[in-house]
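# Fold and contact review
These are the residues of each chain, in order.
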2 protein chains.
Amino acid sequence: MSSNLIVQKFGGTSVGTLEKIQNVARRVKKSRDAGKDVLVVVSAMAGETDKLLAMARELSERPERREIDLLLSSGERISSALLSIALQSLGCPAVALTGRQMGLVTDNIHTRARIKSINADRALDILKRNHVVVCAGFQGINENGDVTTLGRGGSDTSAVALAVALKADRCEIYTDVRGVYTADPRIVPNARKLNMVSFEEMLEMASLGAKVLQIRCVEFANNFNMPLVVRSTFDEEDEGTLVCQENPDMEQPVVSGVMSDKDQSKITIKGVPDQPGIAAKIFNALAEASISVDMIIQNVSAEGHTDISFTLPTTNLQEAMPIMQDKGKEVHAESVSSDSDISKISVVGAGMRSHAGVAARIFSALSNAGINMMMISTSEIRVSCIIDKKGTEQAVRALHDEFKLDQEPQRVSETPTGA
Amino acid sequence: MSSNLIVQKFGGTSVGTLEKIQNVARRVKKSRDAGKDVLVVVSAMAGETDKLLAMARELSERPERREIDLLLSSGERISSALLSIALQSLGCPAVALTGRQMGLVTDNIHTRARIKSINADRALDILKRNHVVVCAGFQGINENGDVTTLGRGGSDTSAVALAVALKADRCEIYTDVRGVYTADPRIVPNARKLNMVSFEEMLEMASLGAKVLQIRCVEFANNFNMPLVVRSTFDEEDEGTLVCQENPDMEQPVVSGVMSDKDQSKITIKGVPDQPGIAAKIFNALAEASISVDMIIQNVSAEGHTDISFTLPTTNLQEAMPIMQDKGKEVHAESVSSDSDISKISVVGAGMRSHAGVAARIFSALSNAGINMMMISTSEIRVSCIIDKKGTEQAVRALHDEFKLDQEPQRVSETPTGA
């Protein structure tokens, strides 16, 4: 069933100046003039959140998370009030709502709270009166009535959650790019904007460093089957990328995109006794420190010893190394070393499910380009390789060419299905 | 009965930078270390409110007051969170509370709301756990759950209201001056800081342009007999000025202070028919436009016609003149003119009640200084004169000298009582 409501979310760069806020107001008004009910979610003006956070950190090495949430939530309150004022001045009635006023209740985990429920009565009431609702993104309240925030990309999550709660037609995420691309256009000049991508592909892309959408927001949209549209705030013509459930009629190329991530590091523990429980000991220590490990390789055992390598975000390397050095001693390992000169290249495509040989094509394309793979990991719709950092751009271009991603894909129904 | 709680309010200049916030944190911690329960109320960082307001005005000529309140309240939320973080980093446990969290409920009049009730349960609970409470000043919520603000000087009002609700011992207003002075030290270099002043005198002084305290805050304190202390954020030694109920033991000079106000203008309507109801017509028109008139003079009637002069704040002059020109025509007045080259000089003192001849001393002192008085008005504890603006400083100094305000006053019981 289709409702008449759309949710539009505008990020920090879209509301970064008063002129940009006026531009957003004009776009929102256009949607309303076209007969839509509109609920808008805004981020803080670009730079505002970082500025507030920097102040807190200047005052304290470890500011309490409860006060950080109170502090940061001000950024979205300001931008929502300003956008509401801009709409009103265009003759478009609007009401700004805070996290509390939009009924967004979260758990107690300050600075990365999870949404528990939304009571959208007030927003619905405002929409019924034919006003635009402008919601401060990123924020909610917990059951004590304290302000909480949803973590990085929280405004996207707010937007999707509100769209779900209000049974919106779709949730539009406005940003400074035209949509989701086959590759980073700064690396691949002929990268193509995708018209459509499945939730699953988008989830892989988001977790691989495609910054256009946060994983949580896509997960949420996927769980509740809320179609997302990623589109440009500044280019009104372009209809952006639709992110939705896979369906048979969808254009479904074998590969949808190539991603690279240079913010990865590798830790290698050499000469670990090849005994049960040792790997668990090592990785439990990292889990306790809330450090996520990505790929893991364990060599074939030689003389009762083995080497373990794993990758992790470079931002966690400094914290992880002393933990690993301790564990290394504990298990009598030969050495613990790290390497930040690596990057992760990934190829994502829902079509991989029905097409054999994709991994093989990837490996030959990289090999033909003279690029050595250090580690490989795969999922049903993704292949990732760790390579030397200096080969990153070349690898991305080679794979983009290999799968002809600059060209409009053929329909899956027209392509042969591999065994 | 004396409680163990003090309320400390810090204005925008006191929390204008991170360094100043750290300084405030140290002072608050000192009070707590001395065994006091402390509830702090903060204004927005200096300049923040004006910056937010300027943004709203750039977006709209008449921004809606509801959104303005949402916008402006962010300033105090930010400073309260920052001060709380600064306290925590000094090892002083603290919790920041928003207007809603401190239970401050107001009426519906956005941008100048009146406090209706305070439910201080949460603040009390935090104080019981031996934490400092840091309240965002200036803000409350109305019964719809919308943010309201209390108007200029609203943080002072928040502080006094919270002090009353929590039965605090006293309410300390920290500012960038050492207290209440006998005259503006920029005009009278030997002006003396008063150790004590009565609520009534303070009310007169505040309404006469002594900017150190807002009228509403003093009214509130007077109504609930909450002693105020005005003192410097930066000078820890000085104990400031105590503002409290008059009592017989109080040092009670004839005159406590001399104030001047250059932001006054005079409107004169000449040749008005001397008939009943004409003055009412004129002043009703101003009241409808919410313009406060201060002094009014009506000349003795000559040939059935009279002249009416009145003063008003210069900021209202531009709005008032067209209204007066209309009314002038309506009542067939000869002319309507205005004069902004005036100022109001006032002498305030609770001792005037029991001392005759104060007005006469004022008039001779001004006359001896060669200063002409255009209008005079008096209350029980005040005499005000309108003079030519260029004589302002000279008049203030002459009156300060006349009443020897640079010297510590004698007790009232030691001075003779006039007939």
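None of these values were measured; they are calculated from a predicted model. (Residues numbered from 1 in each chain as written. Chains lettered and ligands numbered in written order. Predicted model: local features only at pLDDT ≥ 70, side-chain atom pairs only at ≥ 80, totals over all residues.)

## Considerations on the overall build of chain A
Definition in use: In this description a helix means any DSSP run of H or I spanning at least four residues, a strand means any run of E spanning at least two, and both kinds are numbered starting from the N terminus. Working definition of burial: number of other C-beta atoms within 10 Å of the residue's own, with buried at 20 or more, exposed at 12 or fewer, and partly exposed in between, all C-beta atoms being placed from the backbone. Remark: residues whose backbone-derived C-beta atoms lie within 7 Å of one another are considered to be in contact.
Helices and strands together make up the secondary structure of chain A, namely 11 helices and 18 strands. The principal-axis extents of the C-alpha atoms in chain A amount to approximately 75 × 60 × 35 Å. Evaluated residue by residue, chain A yields a buried proportion of 49% over its 419 residues. Partitioning the intrachain contacts of chain A with sequence separation of at least 6 by distance along the chain shows that 74% fall at a separation of at least 24.

## Some thoughts on the interface of chain B and chain A
Listed by partner, the interface residues are 27 residues for chain B and 27 residues for chain A. Elements supplying a minimum of two residues to the side of chain B that touches chain A: helix 1 (18-33), helix 2 (48-59) and helix 3 (65-89) of chain B. The dominant element in the side of chain B that touches chain A, judged by the number of residues it contributes, is helix 3 of chain B, at 13 residues.

## As for the nonpolar core
What counts is decided by this rule: Nonpolar core, as used here: buried Ala, Val, Leu, Ile, Met, Phe, Trp, Tyr and Cys residues forming one set through C-beta atoms within 7 Å.
Ranked by internal contacts, the top residues of the largest apolar core, which has 112 residues, are Val40, Leu82, Leu83, Val134 and Leu162 of chain B. Residues within four places of Leu83 of chain B in sequence aside, it is in contact with Val15, Ile21, Val24, Ala25, Val40, Val42 and Val134 of chain B. Core analysis: the next-biggest nonpolar cluster, separate from the first, contains 110 residues, Ala183, Val212, Phe220 and Val255 of chain A among them.

## Observations regarding the environment of Ser73 of chain A
Locating Ser73 of chain A in the fold gives a position in helix 3 (residues 65-89). Discounting residues that sit within four places of it in the chain, Ser73 of chain A has contacts with Gly99, Phe138, Gln139, Val147 and Thr149 of chain A.

## Describing the pairing of strand 9 (residues 170-175) of chain B
Residues and elements named next belong to chain B. Note the threshold: A pair of strands is labelled paired if DSSP reports no fewer than 2 bridges between them.
For strand 9, a buried count of five out of six residues is recorded, marking the element as mostly surrounded by other parts of the structure. Alignment of strand 1 (residues 5-10) against strand 9, held across five bridges, turns out to be parallel. Within the sheet, the bridge partner assigned to Lys9 lies in strand 9 and is Ile173.

## So, the sheet that holds strand 3 (residues 94-97) of chain B
All names here are of chain B. Spelled out, the test is: Only the contacting stretch of a helix is used when fitting its axis, a line to C-alpha atoms as for every element, and angles between N-to-C directions run 0 to 180 degrees.
Taken together, the eight strands give an open sheet; going across it, the order is 3-6-2-1-9-11-12-10, and neighbouring strands pair in mixed fashion. Looking at which strands have only one partner, the edges of the open sheet turn out to be strand 3 and strand 10 (196-198). This sheet shows a mean twist of 20 degrees between the axes of neighbouring strands, independent of strand direction. Where strand 3 meets strand 6 (residues 132-136), four bridges bridge the pair, whose relative direction is parallel. From the neighbouring strand, Val95 faces strand 6, where its bridge partner is Val133. Its contacts with the sheet place helix 3 against strand 2 (37-42), strand 3 and strand 6, and it is angled at close to 160 degrees to strand 6. Of the strands in this sheet, strand 1, strand 2, strand 6 and strand 9 touch helix 5 (residues 154-165), which is tilted by about 175 degrees from strand 1.

## Side note on the sheet that holds strand 12 (residues 241-244) of chain A
Residues and elements named next belong to chain A. Spatially, the eight strands line up as an open sheet ordered 3-6-2-1-9-11-12-10, and their pairing is mixed. Every interior strand has two partners, whereas the edge strands, strand 3 (94-97) and strand 10 (196-198), have only one. Taken pair by pair, the neighbouring strands of this sheet meet at an average axis angle of 20 degrees, ignoring direction. Looking at chain direction, strand 9 (residues 170-175) and strand 11 (residues 228-232) are connected through five bridges and run parallel. Directly across from Thr175, in strand 11, lies its bridge partner Ser232.

## Regarding helix 6 (residues 199-207) of chain A
Residue and element names in this part refer to chain A. Among the nine residues in helix 6, seven count as buried, and that is most of the element. Along helix 6, the residues classified as buried are Phe199, Glu201, Met202, Leu203, Glu204, Met205 and Ala206. Phi turns positive, to about 100 degrees, at Gly209, one or two residues after helix 6.

## Some thoughts on the packing of helix 3 of chain A against helix 2 of chain B
Threshold: When an angle is under 35 degrees it counts as roughly parallel; over 145 it counts as roughly antiparallel; between 65 and 115 it counts as roughly perpendicular; any other value is oblique. Should the near helix be turned counterclockwise from the far one by less than a right angle, the crossing is left-handed, whereas a clockwise turn marks it as right-handed.
Put simply, helix 3 of chain A and helix 2 of chain B touch, their axes get as near as 8 Å, and they point 25 degrees apart. Overall, the two elements helix 3 of chain A and helix 2 of chain B adopt an arrangement that is roughly parallel. Where helix 3 of chain A crosses over helix 2 of chain B, the handedness of that crossing is right-handed. Contacts from Ile78, Leu82, Ile85, Ala86 and Ser89 of chain A of helix 3 of chain A reach helix 2 of chain B at Leu52, Met55, Ala56 and Leu59 of chain B.

## Looking at the relation of the copies chain B and chain A
This is how it is decided: Alignment of the copies relies on least squares applied to C-alpha atoms, considering only residues that score at least 70 for pLDDT in both.
Of the transformation placing chain B onto chain A, the axial shift is 0.0 Å and the rotation is 180 degrees, giving an RMSD of 0.1 Å. Both copies of the chain, as the preceding transformation shows, are related through a two-fold rotation axis. Closest approach to the rotation axis within chain B is made by the C-alpha atom of Ser74 of chain B, at a distance of 2.6 Å. In this assembly the copies share their binding face: 100% of the residues contributing to the interface of chain B also contribute to that of chain A.

## Section: the packing of helix 6 of chain A against helix 7 (residues 215-223) of chain A
Residues and elements named next belong to chain A. Selection rule: Note that Gly is not counted as nonpolar here; it falls among the polar residues with everything else outside the nonpolar set of Ala, Val, Leu, Ile, Met, Phe, Trp, Tyr, Cys and Pro and the charged set of Asp, Glu, Lys and Arg.
In the contact formed by helix 6 and helix 7, the axes pass within 9 Å of each other and the chain directions differ by 165 degrees. In this view, helix 6 runs roughly antiparallel relative to helix 7, as classed from their interaxial angle. The way helix 6 lies across helix 7 gives a crossing that is left-handed. Residues Phe199, Met202, Leu203, Ala206 and Ser207 of helix 6 touch helix 7, and the partners they reach there are Ile215, Val218, Glu219, Ala221 and Asn222. Here the contact of helix 6 with helix 7 is built from residues that sort into seven nonpolar, two polar and one charged.

## Quick notes on the confidence of the model for chain A
All names here are of chain A. Under the convention used in this document: On a scale of 0 to 100, pLDDT captures the predictor's confidence in every residue.
Confidence in the prediction for chain A averages 92 pLDDT; 96% of positions are at 70 or higher. Between residues 412-419, whose pLDDT stays under 50, and residues either more than four places distant or in other chains, the model counts nine contacts. As scored by the predictor, the complex reaches a pTM of 0.85 and an ipTM of 0.83.

## Here's the deal with the domain arrangement of chain A
To be explicit about the condition: For the domain bounds, the source is a domain assignment made automatically or taken from a database.
Considered domain by domain, chain A is made up of domain 1 (5-176), domain 2 (260-342) and domain 3 (344-414). Each of domain 1 of chain A and domain 3 of chain A was reduced to a C-alpha centroid, and the two centroids are 38 Å apart.

## A word on the environment of Ser232 of chain B
Residue and element names in this part refer to chain B. By secondary structure assignment, the location of Ser232 is in strand 11 (residues 228-232). By C-beta crowding, Ser232 is classed as partly exposed, having 18 other C-beta atoms within 10 Å. The spatial distance from the C-alpha of Ser232 to the C-alpha of Phe10 is 9.6 Å, given a sequence separation of 222 residues. With near-sequence residues (within four places) excluded, Ser232 lies in contact with Thr175, Asp176, Val177, Arg178, Asp238 and Gly240.

## Thoughts on unusual backbone geometry
Look at His332 of chain A: it is not a glycine, yet its phi comes out positive at around 60 degrees. Here His332 of chain A is to be found in the loop between helix 9 (317-330) and strand 16 (335-348). Not every positive phi belongs to a glycine, and Asn130 of chain B is a case in point at roughly 65 degrees. Tracing the backbone through its elements, the reader meets Asn130 of chain B in the loop between helix 4 (121-128) and strand 6.

## Considerations on the pairing of strand 18 (residues 382-388) of chain A
All names here are of chain A. Burial of strand 18 is extensive: six of the seven residues sit out of reach of the surface. Both strand 16 and strand 18 contribute to a ladder of seven bridges, which runs antiparallel. Along strand 18, the bridge assignment pairs Ile345 with Cys385. Strand direction decides the pairing type here: strand 17 (residues 373-379) and strand 18, joined by six bridges, are antiparallel. If you follow Ser377 over to strand 18, its bridge partner there is Ser384.

## Some words on the environment of Ala320 of chain A
Residues and elements named next belong to chain A. Residue position: Ala320 is located in helix 9. Owing to 22 C-beta atoms within 10 Å, Ala320 belongs among the buried residues under this scheme. Distance from Ala320 to Gly357, taken between C-alpha atoms, is 36 Å for residues 37 residues apart in sequence. Sequence-distant contacts of Ala320, defined by excluding residues within four places in its chain, comprise Ile267, Leu286, Ile291 and Leu312.

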